[in-house]
Structure formats: C-alpha cells, structure tokens
Amino acid sequence: KNEVEQSPQNLTAQEGEFITINCSYSVGISALHWLQQHPGGGIVSLFMLSSGKKKHGRLIATINIQEKHSSLHITASHPRDSAVYICAVRSQGAQKLVFGQGTRLTINP
Amino acid sequence: DTGVSQDPRHKITKRGQNVTFRCDPISEHNRLYWYRQTLGQGPEFLTYFQNEAQLEKSRLLSDRFSAERPKGSFSTLEIQRTEQGDSAMYLCASSFTGGSSYGYTFGSGTRLTVV
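For clarity, every value in this text was computed on a predicted model and none was experimentally measured. Residue numbers run consecutively from 1 along every chain, following the written order of its sequence. Just so you know, chain letters begin at A and ligand numbers begin at 1, following the order they were written in. At least 70 in pLDDT is required for a residue's local features to be given in this predicted model, at least 80 for side-chain atom pairs to be given and counted, and no such filter applies to totals for whole chains, interfaces and linings, which use all residues. In computing side-chain values, all of the structure's heavy atoms are included and hydrogens and water are not.

## Thoughts on the sheet that holds strand β3 (residues 19–24) of chain B
Residues and elements named next belong to chain B. By the convention used here, strands pair only if DSSP detects at least 2 bridges between them. Only DSSP runs of H or I covering at least 4 residues are called helices, and only runs of E covering at least 2 are called strands; the numbering of each starts at the N terminus. Read across the open sheet, the 4 strands follow the order β1-β3-β8-β7; overall the sheet is antiparallel. Single-partner strands in this sheet number two, and they are β1 (5–7) and β7 (65–68). The mean inter-strand angle of the sheet, taken between neighbouring strand axes irrespective of direction, is 15°. Bridge count between β3 and strand β8 (residues 75–79): 5 bridges; the pairing is antiparallel. In the strand pairing of β8, Phe21 is matched with Leu77. Lines fitted to C-alpha atoms define the axes, with helix axes restricted to the stretch in contact, and inter-axis angles between N-to-C directions lie between 0 and 180 degrees.

Structure below.
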C-alpha cells in the first residue's frame, strides 16, 4: 500500500460543477501539499497545509490530521482547471515529499 | 527571480550515452531536491541538498546517477550509460528552511527519452 493514496484517479465533470479530490496518507506528517501539473510537466504548488483549511480563489483545501485525510475542492469548475492534481506529504522529521499518483481532472465546457 | 529553472527542457539520447541536467533554484532557497516522474505516476524522490551538502539519497539513485551542488547554488544531475528505463521527467524543486516556511517551488522539469 502506498503511503499516499488519492481518489479518484480520473475525474470528468461539466463546467460549473463542484469538484472534490481526496487524499489519504498513512504516516505522521508535518505538512501536506496540493500541487497542480499541466501537460508538459511543470508543477505548481497550490497549498501547503499542516492543519485546518485554506482557501485561494475557487480552490479550498482541508486537512484532518486525526483521520490522516485531506481534500481539495474546486468551486465553479472551469475547463482551464483541467490538469493533474497531486497530493504530497512531508513526514515528520523528513525533508523529502512523498507523492500520491495524482488525479487527472477534465472539465468539459 | 524567475523561479526554479531547469535545462534542458527535453533531451533525447541514445542508450549508453551520458546526460547531464542542470537546475537553478530560487536564489534564497538553501534546499534543492531532485525527483523523477514516470508516465502516469507521481514523482519519486531521488536526492536533496542543503546548501552544498547532499543529505539524502534514494535507493532509486543507482551508481550511474550522480548529483552535485558545488557552491550551494545550481545543481547538476548526471546519468551515465543511460538505459531505456531512465526515460522520465526529472523535476527539480527548491525550498527555504526559515521559520515555519517549507514551501516548495518546482521547476518545469527535464523530459529525458532514451532510444
């Protein structure tokens, strides 16, 4: 079992829908990152969380440390949100990130 | 500062050749990381530096791989005697360890194809 599991692996939705991507992890962490990767490879950091909830524009990220679970929500989704969304965790005492396999999101107009 | 730069963006090489990639981190960032990503998978950790010291290496980093960060600024990743299994996206990231900030900034990656 991977340390970081994401669901779903693929998600297709219509423009305007509310999107939720889930991430579960099995180790104690000091931080969890949500990242966005577009075709071509570049990765953009969306959020870094250690507790609670963060919001940036239409994106909301939450984390429940006790349940070892995080969610990324996108409100009023748009075709430009189509990308791979990756959850990554930094274990306590470590510096490297351990990544989930990513969720491929496609938003149709 | 334009972020983390990686060069080249793409590299096609014949099996058995050596290749070298470069990463220029954000100038204030003292930590630099290399990750490898194969198709359809999340990135996997290869190695990281704090300043010029290489502090951790993954078992993925075989003897054919070597990374350096000679002056604590840019870093190079060399792969000797490339194999088809080395084909992947090689990602560099940097971060600053100050206070509570551990935010990562990623480069655009170098896509290696070994033919």
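## Remarks on the pairing of β8(B)
All names here are of chain B. Side chains Ser75, Leu77 and Ile79 of β8 all project onto a buried face; the interleaved residues Thr76 and Glu78 project onto a face where none is buried. Looking at chain direction, β7 and β8 are connected through 4 bridges and run antiparallel. By the bridge assignment for β8, Phe65 is matched with Ile79. A simple rule labels every residue: compare its accessible area, found with a 1.4 Å probe on the protein chains alone, to the largest value its type can have, and call it buried under 20%, exposed over 50%, or partly exposed in between.

## With respect to the sheet that holds strand β6 (residues 52–56) of chain A
Strand pairing within a sheet occurs via backbone hydrogen bonds; the two strands may be parallel or antiparallel. Residue and element names in this part refer to chain A. An order of β1-β3-β8-β7-β6 is seen for the 5 strands of this open sheet, with the pairing classed as antiparallel. Single-partner strands in this sheet number two, and they are β1 (4–7) and β6. Between one strand axis and the next, the sheet turns by 15° as a mean value, whatever way the strands run. In this structure, β6 lies alongside strand β7 (residues 59–64), joined through 5 bridges in antiparallel fashion.

## Remarks on the pattern of salt bridges
Residues and elements named next belong to chain B. We define a salt bridge as a contact between a side-chain nitrogen of Lys or Arg and a carboxyl oxygen of Asp or Glu at a distance within 4 Å. Under the defined criterion, the tally for this structure stands at 5 salt bridges over all chains. Between Asp24 and Arg22 there is a salt bridge, with the nearest N and O atoms lying 2.7 Å from each other. A salt bridge links Glu83 to Arg64, with the shortest nitrogen-to-oxygen separation between them at 3.4 Å. Pair noted here: Glu83 is in the loop between β8 and β9 (88–95) and Arg64 is in the loop between β6 (53–57) and β7, with a separation of 19 residues, a long-range link. The class of Arg64 is buried, set by a relative accessible area of 11%.

## So, the state of the cysteines
Two cysteines, two sulfur atoms, one covalent bond between them: this is a disulfide. Two cysteine sulfur atoms form a disulfide, by the criterion used here, when they sit within 2.5 Å. On inspection of all chains with the given rule, the structure shows 2 disulfides over all chains. Two residues, Cys23(A) and Cys87(A), share a disulfide whose sulfurs are 2.0 Å apart. Its S-S torsion of approximately -60° makes the covalent link between Cys23(A) and Cys87(A) left-handed. With Cys23(A) in strand β3 (residues 19–25) and Cys87(A) in strand β9 (residues 83–91), the pair connects residues that are 64 residues apart, well separated along the chain. Each disulfide pairs two cysteine sulfurs, and for Cys23(B) the partner residue is Cys92(B), the sulfurs being separated by 1.9 Å. Here Cys23(B) and Cys92(B) share a disulfide; its torsion about the S-S bond, -70°, makes the bridge left-handed.

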